[in-house]
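One letter stands for each residue in the lines below.
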Amino acid sequence: MRRIPWAAEYLTTSPSRIQIDQSWTTIWQKQEDQKLHLEIGCGKGGYSAAMAQLYPHDLFIAVEKNESAAGLAARKFDEAHLDNLRLIYGDGADLDLCFKSGEVDVLHLNFSDPWPKKRNAKRRLTAPSFLKQYKTLLSEEGQIIMKTDNSSLFEYSILEFLNAGFFLEDISVDFRREEHPEDPLTEYEAKFVENGQPIYRCIWRKHPVQ
Ligand SMILES: C[S@@+](CC[C@H](N)C(=O)[O-])C[C@H]1O[C@@H](n2cnc3c(N)ncnc32)[C@H](O)[C@@H]1O
């Protein structure tokens, strides 16, 4: 991603930003019928912004570690003026600073970097250390929804989700074959769909669906 020169300064004053070591409960008091969604690796933030608009009753926090992408997401969120949407500029590996165990209802992983080389496998957002952390953060009915264009990352992730003890709720190897107005396209996804590439999607639960 190209460097955005104003991103660093913008992030220091953006009203949408919350600090990674600031508990999200200082921003919102979640009601029982509300869901807290967390998107890790949100890029420019289009997905979380669209979801927050589509589901105004729920709460959305997007996490991005790249400064330029986070700056663009922060500006998008500020311009959207949505009370249910915030950004964390930080690393998804440090989310235990902001969330206590069981606080997250839905975790979204959209087109995560595949890190194809084996020596970089630990950086994949579905590597065992990340999945262990997600399991702690998720509520008892919590879900992880993963979308990718990358079949190798998809295969790797399925095995790792199973190894980590997650339960498969749904799977598709061509999710956009049908219309899904309930699920907005991410920035990356829009390009893949335009190119006719299939979108792989899986949903995992911490516990089997009763
Ligand atoms: C391929 S882009 C996809 C962006 C967006 N989700 C989309 O679908 O358009 C992956 C993004 O994840 C971010 N990312 C990768 N590892 C991360 C981590 N550990 N914590 C937070 N963000 C991360 C990258 O900086 C990048 O912006």
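Note that residues are indexed from 1 along each chain, following the sequence as it is written. Where totals are concerned, whole chains, interfaces and linings use all residues; where local detail is concerned, this predicted model gives features only for residues with pLDDT of at least 70, and gives and counts side-chain atom pairs only at 80 or more. For side-chain calculations, the full set of non-hydrogen atoms in the structure is used, while hydrogens and water are omitted.

Student: Teacher, can you tell me more about the sheet that holds strand S2 (residues 36-40) here?
Tutor: Strand order in this open sheet of eight strands is S1-S4-S3-S2-S5-S6-S8-S7, and the pairing throughout is mixed. Sheet topology places strand S1 (17-18) and strand S7 (167-172) at the edges, where each strand pairs with a single neighbour. Relative to strand S6 (residues 138-148), strand S5 (residues 104-110) runs parallel, the two sharing six bridges. Bridging across to S6, Val-106 finds its partner in Gln-143. A contact between two residues is defined here by any heavy atoms of the two lying within 4.5 Å. Every axis in this analysis is a line fitted to C-alpha atoms, fitted for helices over the stretch in contact. Angles between the N-to-C directions lie between 0 and 180 degrees. A helix here means a DSSP run of H or I that spans at least four residues, while a strand means a run of E at least two residues long, and both kinds are numbered starting from the N terminus. Running over the sheet, helix H2 (residues 46-54) touches S2, strand S3 (59-64), strand S4 (85-89), S5 and S6 and is turned about 175° from S3. We treat two strands as partners when DSSP finds at least two bridges between them.

Student: Explanation requested: the pattern of salt bridges in the structure shown.
Tutor: As a working rule, side chains carrying opposite charge can pair if their charged atoms are close by. Any Lys or Arg side-chain nitrogen found within 4 Å of a carboxyl oxygen on Asp or Glu counts as a salt bridge. Inspection of the entire model under this criterion finds nine salt bridges. Measuring nitrogen to oxygen at the nearest pair gives 3.9 Å for the salt bridge that ties Arg-201 to Asp-170. You can see Arg-201 sitting in strand S8 (residues 200-205) and its partner Asp-170 sitting in strand S7, a full 31 residues away along the chain. Here the term buried applies to any residue with accessible area under 20% of the maximum for its type, exposed to any over 50%, and partly exposed to those in between, with areas from a 1.4 Å probe on protein chains only. The class of Asp-170 is partly exposed, set by a relative accessible area of 39%. Note that Glu-189 is salt-bridged to Arg-176, the shortest N-O span being 2.7 Å. One end of the pair, Glu-189, is in helix H6 (residues 187-194); the other, Arg-176, is in the loop between S7 and H6, and 13 residues separate them in sequence. Here the residues in one salt-bridge network are Lys-147, Arg-176, Asp-183 and Glu-189, joined through shared partners.

Student: Mind showing me how you'd approach the site of the ligand here?
Tutor: As a structural note, the neighbourhood of the ligand is formed by 17 residues, with Gly-41, Glu-64, Gly-92, Asn-110 and Thr-186 the closest of them. Note that a nitrogen atom of the ligand is positioned 3.3 Å from one of the backbone N or O atoms of Lys-65. Take Gly-92: an N or O atom from its main chain is 2.8 Å from a nitrogen atom of the ligand. Method for areas: the Shrake-Rupley scheme with a 1.4 Å probe, in which residue coverage is limited to the protein chains shown. Expressed as a share of its isolated accessible area of 600 Å², the protein-covered part of the ligand is 92%. Counted by class, the shell around the ligand contains four nonpolar, seven polar and six charged residues. Residues are counted as near a molecule or strand when any one of their heavy atoms sits within 4 Å of it. Pairs of N or O atoms are called polar contacts if they sit within 3.5 Å, as long as, within protein, a hydrogen donor faces a hydrogen acceptor (for residues adjacent in sequence, only side-chain-to-side-chain pairs). Put simply, Ala, Val, Leu, Ile, Met, Phe, Trp, Tyr, Cys and Pro go in the nonpolar bin, Asp, Glu, Lys and Arg in the charged bin, and everything else, Gly too, in the polar bin.

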